[in-house]
There are 2 protein chains.
Amino acid sequence: MINNKRIPLYLQLMDKIIEKINAQEYREQEKLPSERELCDMYGMSRITVRQAMQELEREGYIYKLHGKGTFVAPKSYSQNLVKLYSFTDEMRKIGKIPTSKVLSFEAVEAEEAIGSKMGIHPKEEVYKVVRLRLADEEPLMYETSYIPVAKFPGLTQETLDKQPMYEVFYNDYNIPVNKAVESFSPTLVREEEAKHLRISSKQTAMLIKRYAYSDKQLIEYTITVARGDKFEYKVELT
Amino acid sequence: MINNKRIPLYLQLMDKIIEKINAQEYREQEKLPSERELCDMYGMSRITVRQAMQELEREGYIYKLHGKGTFVAPKSYSQNLVKLYSFTDEMRKIGKIPTSKVLSFEAVEAEEAIGSKMGIHPKEEVYKVVRLRLADEEPLMYETSYIPVAKFPGLTQETLDKQPMYEVFYNDYNIPVNKAVESFSPTLVREEEAKHLRISSKQTAMLIKRYAYSDKQLIEYTITVARGDKFEYKVELT
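Computed from a prediction, not measured in an experiment: that's the story for all the values here.

Caption draft 1: Seen up close, the pattern of salt bridges. Residues and elements named next belong to chain B. Counted according to the given criterion, the structure contains 36 salt bridges over all chains. K123 is paired through a salt bridge with E109; the nearest N and O atoms lie 3.7 Å apart. Of this pair, K123 sits in the loop between α5 (111–118) and β5 (125–135) while E109 is found in strand β4 (residues 98–109), placing the two residues 14 residues apart along the sequence. For K123, a relative accessible area of 57% translates into the label exposed.

Caption draft 2: How the structure looks around the sheet that holds β4(B). With mixed pairing, eight strands are arranged side by side in an open sheet as β3(A)-β10(A)-β7(B)-β8(B)-β9(B)-β6(B)-β5(B)-β4(B). The open sheet has two edge strands with one neighbour each: β3 (77–80) of chain A together with β4 of chain B. Geometrically, the sheet is characterised by an average inter-axis angle of 20° between neighbouring strands, direction not taken into account. Bridge count between strand β7 (residues 179–188) of chain B and strand β8 (residues 204–214) of chain B: 10 bridges; the pairing is antiparallel. Opposite L188(B), over in β8(B), you have T204(B) as the bridge partner.

Caption draft 3: Fine view of helix α3 (residues 46–58) of chain B. All names here are of chain B. The first and last C-alpha atoms of α3 sit 18 Å apart over 13 residues, in line with the 18 Å expected at 1.5 Å per residue. Within α3, the full set of buried residues consists of T48, V49, A52, M53 and L56. Buried residues in α3, looked at end-on, bunch into an arc of 130°, giving them a common side. Residues I47 and R58 are exposed on α3 and point more than 90 degrees away from its buried face. Backbone geometry just after α3 places G60 at a positive phi near 85°.

Caption draft 4: Representation of the packing of helix α1 (residues 9–22) of chain B against helix α2 (residues 35–42) of chain B within the structure. Residues and elements named next belong to chain B. In the contact formed by α1 and α2, the axes pass within 12 Å of each other and the chain directions differ by 105°. For the element pair α1 / α2, the angle class is roughly perpendicular. Within the contact between the two elements, α1 uses L13, K16, I17 and K20 and α2 uses L38, M41 and Y42. The residue makeup of the contact of α1 with α2, split by class, is five nonpolar, no polar and two charged.

Caption draft 5: Region of the structure containing the pairing of strand β10 (residues 231–237) of chain B. Across the seven residues of β10(B), five count as buried, placing the element largely inside the fold. Note that strand β7 (residues 179–188) of chain A and β10(B) share five bridges and pair antiparallel. Along β10(B), the bridge assignment pairs F184(A) with Y233(B). Bridge analysis of strand β3 (residues 77–80) of chain B against β10(B) gives four bridges, and the strand direction is parallel. Along β10(B), the bridge assignment pairs Y77(B) with F231(B).

Cut-off values and rules
Residues numbered from 1 in each chain as written. Chains lettered and ligands numbered in written order. Predicted model: local features only at pLDDT ≥ 70, side-chain atom pairs only at ≥ 80, totals over all residues. Heavy atoms only, no water. Salt bridge = Lys/Arg side-chain N within 4 Å of Asp/Glu carboxyl O. Helix = DSSP H or I, 4+ residues; strand = E, 2+ residues; numbered from the N terminus. Buried < 20%, exposed > 50% of the residue type's maximum accessible area, 1.4 Å probe, protein only. Pairing = 2+ DSSP bridges. Axes fitted to C-alpha atoms, helices over the stretch in contact; angles between N-to-C directions. Expected span 1.5 Å × (residues − 1). Arc of directions from axis to C-beta. Parallel < 35°, antiparallel > 145°, perpendicular 65-115°, else oblique. Contact = heavy atoms within 4.5 Å. Nonpolar A, V, L, I, M, F, W, Y, C, P; charged D, E, K, R; others polar.

Spelled out as structure tokens, the structure:
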């Protein structure tokens, strides 16, 4: 059972760097030595250093900024998928100030694509709301929501600018959101989204589709693009 | 725009569209450009575009809705995150034949990186098992598992080749897996993984970290890279 193989160099290097991050020798948001410097420091080849860095990036320990170098990643947001959550509440819980910026607000026909998902007629009107969600001014998610106009007559952008959406639903329309079905898949950030999220358009993101219900009525369909370098989603299975 | 003379034009076009679907530039359930638009975009004849679309439909990448247009087909596997699941059981449920190919098996020191995650000493030995998971011969996931040697003495690659891992744990060691904590984040497939998964290394994937427990003991830590074009993960929140 004893392994005679030597431990790959890139794993050894990863380990050294993780130790330093854990020991806060390299602190959150601090710049790491360059690849060239790491080669010299540890007497390793460029290819080994690069492999270690790629692995560290994937595991969320570090992140790269084009032309700037490599930095120690800040704590990302770990969202527990236990019960219905809202961005607003989750951010408040951890002492962040959540804000939303409504990028666009319009009433449009659902058409086939959205109508078929929401179980409404393609000609029925829905509000299409595009919002940027921020925590402490940092943009984190890009959300496109569809809401049936018939259920929320008179909804305006001004209202959504001032109050969290679910609070508007409850306070102004007496419609509580009490169930949601979410599906998660990986995606690449699109140019328009990247611009607002202030990241590169080649970055990965989590694509989340939420169907939100009040009792058994579907009241919202939202597509969220959440920054892959910031969020992970956790679930406990028994 | 496209001009490789040896490959038929419709195949070249198919490839371009598949690339865009895989990169999620065209997302699941989204409407594709019309045949006429595709003709203009790629400078191809209607007949070529039509042939590409027919082929894509046959291969399950897209579907047509009469009078509405062409849409990107949904993911093939929707995993419900309700209770503890195993790849083997999930595939059997939907009539697929699950297989696993052990790509490597060795006992190594946990080191800082894995030791700190598993709550064991860096010098303690773990089995490192890399497996490819397939359904009906199609490679879907690339998994790297770490299992403490002390809990499973004498585990061999041959055993894992023949039986699902959790069945080995239970049948041979009387250790049932009854809890798991999983975290999900988006990633890009790496070259080595892409090769085994038979996809391009620029594709997105879901990175799943699973901590599996028997009663309160951590018995397995697995990193899964699941094809982003095949899987979505669903959760109901109340």
